[in-house]
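These are the residues of each chain, in order.
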Amino acid sequence: MEEAVAACGLCPHHCKLADGQTGLCAARTNVGGTIVCTNGGKLVSIALDPIEKKPLYHFHPGSVILSVGSYGCNLTCPFCQNYEISRAQAGELRAEDVPPARLAALATDARQRYGSIGVAFTYNEPLVSYEYVIDCAKLLHANDLAVVLVTNGQICDAPLQNLLPHVDAMNIDLKGFTQTFYDWIGGNLETTKNTIAHAVRVGVHIEVTTLVIPGRNDDEKEMDVEARWLASISSEIPLHLSRYFPRYRCDIPMTPMETLRQLERIAKTYLKHVHLGNV
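Values in this document were obtained by computation on a predicted structure and should not be read as measured data.

Student: Tell me what's going on with the side chain of Thr 210, and back it up with residues and numbers.
Tutor: Tracing the backbone through its elements, the reader meets Thr 210 in strand β12 (residues 205-212). A relative accessible area of 1% means that Thr 210 is categorised as buried. Within polar-contact distance, the side chain of Thr 210 engages the side chain of Glu 226 at 2.7 Å. Ignoring anything within four residues of it in the chain, the contact list for Thr 210 reads Leu 174, Lys 175, Asn 217, Glu 226, Leu 239, His 240, Leu 241 and Ser 242.

Below, the structure is given as structure tokens:
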């Protein structure tokens, strides 16, 4: 009997998985020849956050939002700030089972009690929980609650187009602006660029974050190209330039403030909203 091998079509890795095997993201598994989201609803973090923490500075500023996260990620950034959950495998963390209907009820309660505007899928990479996110988003929208994603944008075009009608805002990590940088973290630059461009075109509120790492993506010419590209889509796209600190497996020294300020000056040549973070 032939083994049931299936290819996951969610992200550029296109993991080919034997029956029972889980992909690089630790969240998607071949179950009898079908790729199943195995971390859906298994939440390891639930908190009420300021919207600015996502960071989203131009989407309902001053509001709070119920923020939830699971485990798993489809990138392997050596500098990950949330590696305890993003690199975790199934069963390694204590998780609470929160199906879509319960999450919608929690979000409704948070609105009544604290004025929360909706739910942000964050902390780990929410796109690896694709089916769960869409199911939740439909219920949240039915209850007039906002849907926010904090994501690396590593998603193929077909699932992206299916997802975007159910999303109100995204902060997308544009990790660097060369494929060399994306090779370092196990991703694909053009995929994230496509996610940003398509989301803006269909009217999703988009803000972009670049974590500036010395010697890796802090080149002034590279920032010039990145900012010009974003402005070619819309000069209104907010760009967050975030200061790197040594984390996880990366011991590169922290980003000098002068580097951030110089890149900010370059980005402001093209973009109307440039913000510095982690300062």
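Student: Account for the pairing of β12, with residues named and values stated.
Tutor: Among the 8 residues in β12, 7 count as buried, and that is most of the element. Here strand β11 (residues 169-173) pairs with β12 via 5 bridges, running parallel. Across the sheet, the residue bridging to Met 170 is Ile 206, located in β12. Two elements, β12 and strand β13 (residues 239-243), share 5 bridges in a ladder whose sense is parallel. From the neighbouring strand, Val 212 faces β13, where its bridge partner is Arg 243. Read from β12 through helix α7 (residues 220-233) to β13, the crossover connection turns out right-handed.

Student: Outline the environment of Thr 34, supporting the account with residue identities and numerical values.
Tutor: Within the secondary structure layout, Thr 34 lies in strand β4 (residues 34-37). Judged by its relative accessible area of 46%, Thr 34 is partly exposed. For the pair Thr 34 and Val 204, spaced 170 residues apart in the sequence, the C-alpha separation amounts to 30 Å.

Student: Kindly report on the packing of helix α2 (residues 100-114) against helix α3 (residues 130-142), identifying the contributing residues and their values.
Tutor: Angle between the axes and distance between the axes: these two values describe a pair of packed helices. Two numbers describe how α2 lies on α3: the axes approach to 9 Å, and their chain directions differ by 45°. It follows from the interaxial angle that α2 and α3 lie oblique. Every pair of crossing elements has a handedness; the one defined by α2 and α3 is right-handed. For the pair formed by α2 and α3, the contact residues are Pro 100, Ala 101, Leu 103, Ala 104 and Ala 107 on the first element and Tyr 132, Asp 135, Cys 136, Leu 139 and Leu 140 on the second. Of the residues belonging to the contact of α2 with α3, the class tally is 9 nonpolar, no polar and 1 charged.

Student: Lay out the sheet that holds strand β10 (residues 146-151) with the relevant residues and their values.
Tutor: Taken in spatial order, the 8 strands make up an open sheet running β6-β7-β9-β10-β11-β12-β13-β14, and their pairing is mixed. Among the strands making up the open sheet, the edge pair consists of β6 (45-50) and β14 (274-277). Recorded for the sheet is a direction-independent mean angle of 20° between the axes of neighbouring strands. As paired strands, β13 and β14 are joined by 4 bridges and run parallel to one another. Across the sheet, Leu 241 pairs through a bridge with Leu 276, a residue of β14. Contacting β9 (118-121) and β10, α3 runs over the sheet at an angle of about 165° to β9.

Rules used throughout
- Residues numbered from 1 in each chain as written.
- Predicted model: local features only at pLDDT ≥ 70, side-chain atom pairs only at ≥ 80, totals over all residues.
- Heavy atoms only, no water.
- Helix = DSSP H or I, 4+ residues; strand = E, 2+ residues; numbered from the N terminus.
- Buried < 20%, exposed > 50% of the residue type's maximum accessible area, 1.4 Å probe, protein only.
- Polar contact = N/O pair within 3.5 Å; in protein donor to acceptor, adjacent residues only side chain to side chain.
- Contact = heavy atoms within 4.5 Å.
- Pairing = 2+ DSSP bridges.
- Right-handed = clockwise from strand over helix to strand, strands pointing away.
- Axes fitted to C-alpha atoms, helices over the stretch in contact; angles between N-to-C directions.
- Parallel < 35°, antiparallel > 145°, perpendicular 65-115°, else oblique.
- Left-handed = near helix turned anticlockwise from the far one by under 90°.
- Nonpolar A, V, L, I, M, F, W, Y, C, P; charged D, E, K, R; others polar.

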